[in-house]
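Residue-level structure breakdown
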Amino acid sequence: MEDLELLRLFKLEEDRQNGGIELIASENYPSKQVRAASSSIFMAKYAEGYPGRRYYGGCVNVDSGENLAIERAKKLFNCKYANVQPHSGSQANFAAYHALLSPGDKILSLTLNDGGHLTHGSPVSFSSHTYAFSFYPLGDDGRLDYEIIAKRLEEENPNLFLAGYSAYPYDIDFKRMRELIDEHNAHSPVHCYFMVDMAHIAGIVAAKLCQNPCDYADIVTSTTHKTLRGPRGGLILSNDEALGKKINSSIFPYTQGGPLEHVIASKAVNFLEDLQPSFVTYMKGVLENTSACAEELKKRGCVVFGSENHLFLLDVLSSFSINGKQAQERLESIGITANKNMIHGDTLTPNLASGLRVGFAAATSRGCSKEEAIKIAGIIYEALKDLNAPVEPLKAAVGEIVSGWKNVMELEYLGQ
Ligand code: DSN
């Protein structure tokens, strides 16, 4: 028997994804091979524990699958330890905090309105209930200010310094951060660990197009579905193998039960994909498209933050006298998906926000070219400059662009 209700929803979602331009910076499309692994027979296996040390029999094949994922992750990020079991980035962060800290310990993270994540100390997340968060702001120009970070380290004496962000459109100098923390630790009464949540930029790191935080941080967490182009899931990396043991027990048995071995197999396929030279070409395309779209909007007089990575923030309040919610809804009405976002110094609430976050990881996976990224900037500009202008010509322009793109269900493994 087929579940017709769900099949209908899957088809509608396929049509929605194929018919529109996806610019949400955290989204992407996995290849057919990545999707196939995540619906493989590994789904039917319980495997609490780690390869060679399971609480169940019959784990011989999933052990090999998980070992493949671990070894490929270590190679991709040039590190000594990898845990591929976290179900999500939030669970990876939860386990990383637990491996390094005790409840009540202090974490210094980026001011949330400047682009942090819920698990980086939001009042509505477990993180702020378990640990004592204090924050460092961005500088006046909306960029990380390493002098401010040094000053906040001295003021707070945290147990953990956290870098890595959800809406930061510039390069990050992890090496400089390591130096600041080492200088601080040389005289501080409290040892400060360095953690990086690289979920957004993991693909750029994998392609070696920016600094690798694994070279500098004690612990690095990530998701696997954003710029990496893998299945939804989490990942923890380190170069400290002793710390690796603590991370393992923080994931299982502390926060998770049975690992999702089918998703882990899918991560393994994706890591191999990301080790191919074609992934570097893809990631260069993402960076080029993001920057081409941002530059075109700037040429038209818009206020734009970035783009030095896979995303930029468009200040829609200054550029068009509208808020981020209005911009998001207007673009959705013509087939472009992006999300409202706070910008540095925002005067609006998070539900409205002054900015729009725009990224090209997903569109580039479907074949978006630099010329098309520039055309997309033009469509965004026309759509937002007059919210009452008819949608039909804009929808038609979106339709024309995506008609030449790959089908989201037919994307091939990047090694082919
Ligand atoms: N929800 C993700 C994002 O959109 O950036 C972060 O986890």
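Provided above is the structure to which this section pertains.
Let us look at helix 9 (residues 241–255). Across its 15 residues, helix 9 extends 20 Å between first and last C-alpha, which sits within 8% of the 21 Å expected from 1.5 Å per residue. Those residues of helix 9 that are buried lie in contact with strand 2 (49–50), strand 3 (53–54), strand 4 (81–83), helix 4 (89–100), strand 9 (219–223) and strand 10 (234–238). Where helix 9 begins, the capping side chain belongs to Asp-240, and its oxygen is found 3.0 Å from the backbone nitrogen of Ala-242.

Now for the pattern of salt bridges. Scanning all chains against the criterion turns up 24 salt bridges. Linking Glu-410 and Lys-32 is a salt bridge whose minimum nitrogen-to-oxygen distance equals 3.6 Å. With Glu-410 in the segment after helix 16 (392–403) and Lys-32 in helix 2 (residues 32–38), the pair connects residues that are 378 residues apart, well separated along the chain. Assessed through its relative accessible area of 46%, Glu-410 is described here as partly exposed. Lys-32 sits in the partly exposed class, given a relative accessible area of 29%.

To continue, consider the packing of aromatic side chains. Tallying each qualifying case throughout the model produces 13 aromatic pairs. Of note, Arg-143 hangs over the ring of Tyr-170, and the distance from its end group to the ring centre comes to 4.0 Å. The cationic tip of Arg-229 hangs over the ring face of Tyr-282; the distance from NZ or CZ to the ring centre is 5.5 Å.

Bringing the pairing of strand 15 (residues 355–359) into the picture now. The element strand 15 is largely enclosed, with a buried count of 5 among its 5 residues. Of the two faces of strand 15, the one carrying Gly-355, Arg-357 and Gly-359 and the one carrying Leu-356 and Val-358 are both buried. As judged from the 3 bridges shared by strand 14 (residues 339–341) and strand 15, these two strands associate in the antiparallel manner. Within strand 15, the position partnered with Asn-339 by the bridge is Arg-357.

With that settled, consider the sheet that holds strand 7 (residues 160–163). Strand order in this open sheet of 7 strands is 4-10-9-8-7-5-6, and the pairing throughout is mixed. On the outer flanks of this sheet lie strand 4 and strand 6 (132–136), each paired with one strand and no other. For this sheet the average axis-to-axis angle between neighbouring strands, irrespective of direction, equals 20°. The pairing of strand 5 (residues 106–110) with strand 7 spans 2 bridges and is classified as parallel. If you follow Leu-108 over to strand 7, its bridge partner there is Phe-161. Contacting strand 7 and strand 8 (193–197), helix 7 (residues 174–185) crosses the sheet at an angle of about 160° to strand 8.

With that settled, the discussion passes to the pairing of strand 10. Most of strand 10 sits out of view: 5 of its 5 residues are buried. A two-sided burial pattern is seen for strand 10, the buried positions comprising Gly-234, Ile-236 and Ser-238 on one face and Leu-235 and Leu-237 on the other. Where strand 4 and strand 10 come together, 3 bridges link them in antiparallel fashion. Its bridge partner lying in strand 10, Asn-83 is registered against Ile-236. Where strand 9 lies against strand 10, 4 bridges are found, and the strand directions are antiparallel.

Criteria and cut-off values
- Residues numbered from 1 in each chain as written.
- Predicted model: local features only at pLDDT ≥ 70, side-chain atom pairs only at ≥ 80, totals over all residues.
- Heavy atoms only, no water.
- Helix = DSSP H or I, 4+ residues; strand = E, 2+ residues; numbered from the N terminus.
- Expected span 1.5 Å × (residues − 1).
- Contact = heavy atoms within 4.5 Å.
- Polar contact = N/O pair within 3.5 Å; in protein donor to acceptor, adjacent residues only side chain to side chain.
- Salt bridge = Lys/Arg side-chain N within 4 Å of Asp/Glu carboxyl O.
- Buried < 20%, exposed > 50% of the residue type's maximum accessible area, 1.4 Å probe, protein only.
- Phe/Tyr/Trp six-rings, centres within 6.5 Å; stacked < 30°, edge-to-face > 60°.
- Lys NZ or Arg CZ within 6 Å of the ring centre and 35° of its normal.
- Pairing = 2+ DSSP bridges.
- Axes fitted to C-alpha atoms, helices over the stretch in contact; angles between N-to-C directions.

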